Structures are given as structure tokens and as C-alpha cells.
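# Structure at a glance
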Amino acid sequence: MSNESKNIEAPLAIVTGAARGIGAAIAQRLSSAGYAVAIWDFNGDGAAATAAELTASGRRAVSAQVDVADESQVKAATQAAEAAFGSPCLLVNNAGIRHREPLETLARASWDREIATNLTGPFVCTQILGGRMLAAGKGAIVNIASMSGSYGQAMRGAYTPSKAGIIGLTSLTAVEWGGRGIRCNAISPGMISTPAHVEAYSNEELKTAREAMVPLGRIGDGAEIADVVAFLASDAARYINGANIPVDGGVTKALLALMPVPTANGEIETTLAQLDLRS
Ligand SMILES: NC(=O)c1ccc[n+]([C@@H]2O[C@H](COP(=O)([O-])OP(=O)(O)OC[C@H]3O[C@@H](n4cnc5c(N)ncnc54)[C@H](O)[C@@H]3O)[C@@H](O)[C@H]2O)c1
């Protein structure tokens, strides 16, 4: 635990996987919205660095090295966060990993690791932190799923099943706990530039090819996911429960616009590319 500044009046938000990427952007956004933030990550140094950035500007944050799938670590980090800031009112299950392997040779160990982080971890955190929220009769949970949870992503090991699972966990939590004051929703990000994708987005050709799939014409960034988390956590979203919101620039609605068609001069192009040429 590090970077503590005690203030039991601050609403406490827990963000998992917040050492970097989307999780760090969520921690920063919630912090500017007035939350005290507990930053949990497998990478303890990275979590401490995110927390240090916040506390350096006078914000309230603690960090902990936590494997989200390890119940005893989650319990210990929960107690430490509560000691600093009181009861949690928001949990963001963001920590996630991806693995590249085809289905026919997918190793059982890879499957287990991915399911543990992406699905069992959110279950463990939901049960432990949700228990606190149930006792208080209020709270919100936001699960970071993926477009891969609704559409099969080839060569991605257990990623698609794990993300489909977290969408199911979202529905279950929303239905079981909605009547007891806890809303639970999911966000399915599309292609978002984060340290996990440095290789893809520093390759200009690959980046341009991916951008060409997105109706908004660009890759997203973590702040664009964080804004939706802040909205879902807020009272403005008080009647939203059990939703899975795509934040993907429209890419998952673009299937038919990606169908190749002949152009006037006889070339083959997608409709999306043709629309782009006209603008
Ligand atoms: N970036 C994208 O394009 C994209 C798209 C769809 C969904 N997502 C989802 O958004 C989330 C964040 O993705 P990102 O791109 O920022 O990834 P990232 O790899 O940059 O960050 C993930 C963080 O989670 C941490 N983590 C991994 N396993 C953990 C564990 N067992 N316990 C605690 N922390 C753990 C890592 O240390 C890392 O800091 C993930 O759930 C991912 O599946 C990302």
C-alpha cells in the first residue's frame, strides 16, 4: 500500500488493472470527478506510479499489488482501501489479459490463466466489494468487457469466452442486486490505443488498415472509455442497469459496410472506403 492520504468522506472507487492503459485513464477520470481511488494491479510499481500522479496533484489515492483472481489479496486490499477512505461505492473491473493461440492447440494453462484474470477475477471482486455495497444498500459496478465478448475473435485463446462471461456476470449482478441498490453495467470497448497495443499502433500500415474499419475513422483512447465509466457510475445513469454499451466508434455495426463492392472504375473496395473517398 502506498500514497495514502486519509479522507473517510471521499466516495471510494476501486479500479483494477489501473497501472496503465484504460485502467489508468479510468482512475484519472474518476479522480477528477471527486472519487478517492484505489488503484489495484498485478504490477505493484505501476499501480503506485498511477497513484503517485494523482496524489502529486492533491487527489486522494491508494495503490496495491493485487491479483484480482486471488481472494485473499482482494480481501486484504479491500480492508486497506476502506481503512483509508471508508466504504466503496464503485467497482470497475478492468484488469484483463489477451493471449494469441489458435483453438486447436490452446494450452489448458493459457485457458485457465485468461479465464482466471478476465472472468474469475471480476467475480471475486464483485462478490467481495459488492458485499460491502449490499450492506450499504447502494453502489455501482462497471465491467470492462470487449467487442470480442459478442463477436468471435479468431486466434485469441480464451479471450472471447472470458469476455462473453463478464457480459453474463453483468446481467446476473444487475438482476440479482438491482433491487438492493446496486447497478451493474458493462462497456465493450472497440480498438483502443494502449500500451498493450503499442506494436499494432506504431505500425502505420496496420493502424491505417484498422482505422479503415471504423465508421468514425480512428482508433479510440482510454479517456473515451473512462468518460463512459464516469457516466455509468453517476446519477445521470440511475435507470441504466444490465446494459453492455459498445464504445467502439461504430466498428461492430459496420460489417455490411466492410463488404467489398466494385467501384465505378472497376476496382474492388469496401463501401466504407467509398464513403470516405466522397467526404
Ligand atoms: N485496448 C483495447 O483495444 C481493448 C479493447 C477491448 C477491451 N479491452 C479491455 O480493457 C481492459 C484494459 O485493457 P488495456 O488495453 O488497457 O490493457 P493493458 O494491458 O494496457 O492493461 C491491463 C492492466 O491489467 C493488469 N493486470 C493483468 N492481469 C492482472 C491481474 N490478474 N490482476 C490485476 N491486474 C492485472 C496489467 O498489469 C495491466 O496493468 C482489459 O480488460 C481489456 O480486455 C481493451
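Residues numbered from 1 in each chain as written. Predicted model: local features only at pLDDT ≥ 70, side-chain atom pairs only at ≥ 80, totals over all residues.

### Looking at the overall build of the chain
The helix and strand tally for the chain stands at nine helices and 11 strands. For the chain, whose C-alpha radius of gyration is 20 Å, the value lies close to the compact-globule estimate of 19 Å for 279 residues. Considered along the principal axes of its C-alpha atoms, the chain spans approximately 70 × 40 × 40 Å. Expressed as a percentage of its 279 residues, the buried residues of the chain come to 41%. Pairs at least 24 apart in sequence give 71% of the contacts found in the chain among residues at least 6 apart. (Helix = DSSP H or I, 4+ residues; strand = E, 2+ residues; numbered from the N terminus. Rg over C-alpha atoms; globule rule 2.2 N^0.38 Å. Buried ≥ 20, exposed ≤ 12 C-beta atoms within 10 Å, placed from the backbone. Contact = placed C-beta atoms within 7 Å.)

### Comments concerning helix α1 (residues 21-32)
Compared with an ideal rise of 1.5 Å per residue, which puts 12 residues at 16 Å, α1 spans 17 Å between its outermost C-alpha atoms and is within 8% of the ideal. Of all 12 residues that make up α1, 11 are buried, and the element is covered over most of its length. Residues of α1 that are buried: G21, I22, G23, A24, A25, I26, A27, Q28, R29, L30 and S31. Looking at the residues trailing α1, positive phi occurs at G34, about 105°. (Expected span 1.5 Å × (residues − 1).)

### Overview of the domain arrangement of the chain
Each assigned domain of the chain is listed here: domain 1 (12-248) and domain 2 (254-279). Each of domain 1 and domain 2 was reduced to a C-alpha centroid, and the two centroids are 35 Å apart. Tallying the contact residues gives four residues for domain 1 and five residues for domain 2. Split by residue class, the side of domain 1 that touches domain 2 holds three nonpolar, one polar and no charged. (Domains from an automatic or database assignment. Nonpolar A, V, L, I, M, F, W, Y, C, P; charged D, E, K, R; others polar.)

### Description of the environment of I187
In this structure, I187 sits in strand β6 (residues 182-189). Here I187 falls in the buried class, since 26 other C-beta atoms lie within 10 Å of it. Each C-alpha atom, one on I187 and one on L232, is 9.3 Å from the other, the two residues being 45 residues apart in sequence.

### Some thoughts on the site of the ligand
Taken together, 30 residues form the shell around the ligand, and within it G17, G21, G96, T194 and A196 come nearest. With three residues, α1 is the largest single contributor of residues to the shell around the ligand. (Near = placed C-beta within 6 Å.)

### What to know about the sheet that holds strand β1 (residues 12-16)
Spatially, the seven strands line up as an open sheet ordered β3-β2-β1-β4-β5-β6-β9, and their pairing is parallel. Each having just a single partner strand, β3 (61-65) and β9 (244-247) make up the two edges of the open sheet. For this sheet, the mean inter-axis angle between neighbouring strands, taken without regard to orientation, is 20°. (Pairing = 2+ DSSP bridges. Axes fitted to C-alpha atoms, helices over the stretch in contact; angles between N-to-C directions.)

### Observations concerning the packing of helix α3 (residues 71-85) against helix α4 (residues 108-136)
Packing of α3 against α4 leaves a shortest axis separation of 10 Å and a crossing angle of 40°. Between α3 and α4 lies a crossing of right-handed hand. Of α4, the residues touching α3 (which contributes E71, V74, K75 and T78) are V124, C125, I128 and L129. Partitioned by chemical class, the residues of the contact of α3 with α4 number five nonpolar, one polar and two charged. (Left-handed = near helix turned anticlockwise from the far one by under 90°.)

### Some points on the confidence of the model for the chain
With 96% of its residues at a pLDDT of at least 70, the chain reaches an overall mean of 94. In this model residues 1-8 is a low-confidence stretch, pLDDT under 50, and it forms 23 contacts with partners more than four residues away in sequence or in other chains. (pLDDT = per-residue confidence, 0-100.)

### Some thoughts on the nonpolar core
Within the largest apolar cluster, 62 residues are counted, with the highest numbers of intra-cluster contacts made by V15, I26, V37, I39, V92 and V229. Here V229 is in contact with I26, R29, V92, V142 and I187, once residues within four sequence places are set aside. (Core = buried A, V, L, I, M, F, W, Y, C linked by C-beta atoms within 7 Å.)

### What to know about the environment of G86
Tracing the sequence through the fold places G86 in the loop between α3 and β4 (88-93). For the pair G86 and R98, spaced 12 residues apart in the sequence, the C-alpha separation amounts to 33 Å.

### Structural notes on the pairing of strand β5 (residues 139-144)
Across the six residues that make up β5, a large majority, six, are buried. Across the two faces of β5 the burial is the same, with G139, I141 and N143 and A140, V142 and I144 all buried. Summarising the sheet, β4 and β5 pair through four bridges and their orientation is parallel. Opposite L90, over in β5, you have A140 as the bridge partner. For the crossover from β4 across α4 to β5, the handedness is right-handed. Where β5 lies against β6, six bridges are found, and the strand directions are parallel. Counterpart to V142 in the pairing with β6 is N185. (Right-handed = clockwise from strand over helix to strand, strands pointing away.)

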